[in-house]
Amino acid sequence: MKKQFKSIVFGALLSSVLSSTVSFAQEKTELQYFRQNSKEGLNVFETPKERGGDFEKVRVFVGGDFALQFQSINHSNSLNNLVELGSNFNLPSANLNLNTQLADGLRLHLRTYLSAKHHNEAWVKGGYLQIDRLGFIKEGFLDGIMDYTTITFGMDEFNYGDAHFRRSDNARVIYNPFIGNYIMDSFSTEAFGEVTVQKDGLIAVVGLTNGKLNQNVVVNDNTDNKPSFYGKLGVDKQLNQDFRFRLTGSWYLNNGTTTGTWLYGGDRAGGRYYHVLDPLEGNSNDFEGRFNPRFKQMTAFQINPFIKYKGLEFFGIVESVGNSEEQGNGNFTQLSGELLYRFGGTEQFYLGGRYNTVKGKRNDSDASDIEISRLNVGGGWFMTKNVIVKLEYMNQEYKNGFNAASIYNGAKFNGVNIEAAISF
């Protein structure tokens, strides 16, 4: 706790110092080709191709995220070997965000987890360089192509699927209408490079990663480093003032036996539900509430419909991930449907629900399917475009496929959560 407190204090002081140094810069200009870290960033997926501010000189923009929860959750299982949970506040989480406009259409992003569930100490989540103009090579260079093209590379999250645009990233919870992320949470920070093309509502993404969360150059007898390839095709149309339709399909392919296992387990922050399914004896798991198939040679597909008609909003996930025959020929399917109604003069209020299921086998020879389901019901209030308060009831159940000695046999947890957050 002392380490976490020091991290938060250090982050606050650093933010204050940097903010005072660059406040003039932030008054003068805006970041280019950028998703706003506020309510204005809701339902923004790929970064827009609108330029935003004009470039005058190198400028640093400092931002942050802070989130605090009050949790009242109960849990149980067939073994009756879980710690007792009470109702109380969780330790707060915090991010420090640095964005630097290096040149016209050339931007750098860096995010540090100042305090997280899984890392009490400050920890760099990752960063990337985004290129939307090539004028730094020669004025007007390939402008006809770059009007529609974005090049991104770094050590950060990569653009597989649309679900990662609506999830909580440690303390940056402002885009997530609920508190937990999806059960099979496709989010990883890896060395990657990708090209995105957006034209007349059509979207295409192609990229590759090295398939690893933890980077290491040491080679041993088990080393089988092979890159992961991913992509996305879709359409996103504002058909009229009231109606928007988006539909995308994404894929992720990996053939290495020591790479690719992180697609559903690459988040260093930890789960958003604290101490659920912690055993009385043994180590707790900071990532409980999620499910990671831990496949190696995997093929994953994710389809995401998004519809917004006035204040009514639907987002869905249809996802399948399978292992190779050599690795057991396992397969899991994830389904999720999220329906919200946003209302108020600026749609500052919302109510809604999400139902999420995961079902499948780790190996083709398994006797029965694993089945996990979660229901979220709740709402929120954007007090300002940078401040949000959420209230939810959630219920998660582990229904089938776990042996009698497993902590997940007959397991469930449910209760009420309140989350307050600031992002800027």
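Note: the structure precedes this text.
If you're wondering where the values come from, they're calculated on a predicted model, not measured in any experiment. (Residues numbered from 1 in each chain as written. Predicted model: local features only at pLDDT ≥ 70, side-chain atom pairs only at ≥ 80, totals over all residues. Heavy atoms only, no water.)

Looking at the largest pocket, its volume works out to about 930 Å³. Along the wall of the largest pocket there are 41 residues; nearest its centre are Phe34, Arg35, Gln36, Arg107 and Tyr128. Of all the elements in the fold, those that place two or more residues in the lining of the largest pocket are strand S1 (59-76), strand S3 (93-103), strand S4 (106-115), strand S5 (123-131), strand S6 (149-157) and strand S7 (189-199). Among the residues forming the lining of the largest pocket, the class breakdown is 11 nonpolar, 18 polar and 12 charged. In this structure, the second largest pocket spans a volume of roughly 430 Å³. What lines the second largest pocket is a set of 20 residues, and nearest its centre among them are Gly265, Asn285, Phe287, Asn292 and Arg294. Its residues assigned to classes, the lining of the second largest pocket comprises nine nonpolar, five polar and six charged. (1 Å grid on protein atoms, 1.4 Å probe; cavity = no way out; pocket = protein on both sides within 12 Å on 5 of 7 lines; lining within 4 Å. Points joined across faces, edges and corners; volume = space filled by probe spheres on them. Helix = DSSP H or I, 4+ residues; strand = E, 2+ residues; numbered from the N terminus. Nonpolar A, V, L, I, M, F, W, Y, C, P; charged D, E, K, R; others polar.)

In terms of nonpolar packing, the biggest core is built from 34 residues, with Tyr252, Leu263, Phe291, Val321, Phe332 and Phe413 touching the most fellow members. Elements supplying a minimum of two residues to this core: strand S8 (202-209), strand S11 (298-309), strand S15 (370-384) and strand S16 (387-400). If we ignore the near neighbours within four places in the chain, the residues touching Phe291 are Ile183, Met184, Tyr264, Phe332, Val358, Arg362, Ile370 and Ile372. (Core = buried A, V, L, I, M, F, W, Y, C linked by side-chain atoms within 4.5 Å. Buried < 20%, exposed > 50% of the residue type's maximum accessible area, 1.4 Å probe, protein only. Contact = heavy atoms within 4.5 Å.)

Let us look at the packing of aromatic side chains. Inspection of every chain in the model, using the stated rule, returns 17 aromatic pairs. A ring pair is formed by Phe45 and Phe306, whose centres lie 5.5 Å apart and whose planes are at 65 degrees; its orientation type is edge-to-face. On the criterion of sequence distance, the pair formed by Phe45 in the loop between helix H1 (2-28) and S1 and Phe306 in strand S11 is long-range, its members being 261 residues apart. By the burial criterion, Phe45 is buried, and Phe306 matches it. Pairwise contacts between aromatic rings join Phe158, Tyr160, Tyr230 and Tyr252 into one cluster. (Phe/Tyr/Trp six-rings, centres within 6.5 Å; stacked < 30°, edge-to-face > 60°.)

Bringing the side chain of Ser38 into the picture now. With respect to the secondary-structure elements, Ser38 resides in the loop between H1 and S1. The buried category is assigned to Ser38, whose relative accessible area is 3%. The contact partners of Ser38, leaving out residues within four places of it in the chain, are Ile174, Tyr175, Lys385 and Asn386.

Let us now look at the pattern of salt bridges. Under the definition given, this model contains 29 salt bridges. Close ionic contact of Arg167 with Asp267 constitutes a salt bridge, the shortest N to O distance being 3.1 Å. One end of the pair, Arg167, is in the loop between S6 and S7; the other, Asp267, is in the loop between strand S10 (243-254) and S11, and 100 residues separate them in sequence. For the residue pair Arg167 and Asp267, the accessibility class agrees, reading buried in each case. (Salt bridge = Lys/Arg side-chain N within 4 Å of Asp/Glu carboxyl O.)

Looking now at the environment of Leu129. On the secondary structure map, Leu129 appears in strand S5. Linking Leu129 and Thr100, residues 29 residues apart in sequence, is a C-alpha distance of 9.6 Å. Contacts of Leu129, omitting those with residues within four sequence positions, involve Leu102, Leu106, Arg107, Leu108, Ile151, Thr152 and Phe153.

A word on unusual backbone geometry. Unlike most non-glycine residues, Arg294 shows phi in positive territory, near 60 degrees. Tracing the chain through its elements places Arg294 in the loop between S10 and S11. Here Asn329, not a glycine, exhibits a phi torsion of approximately 60 degrees, which is positive.

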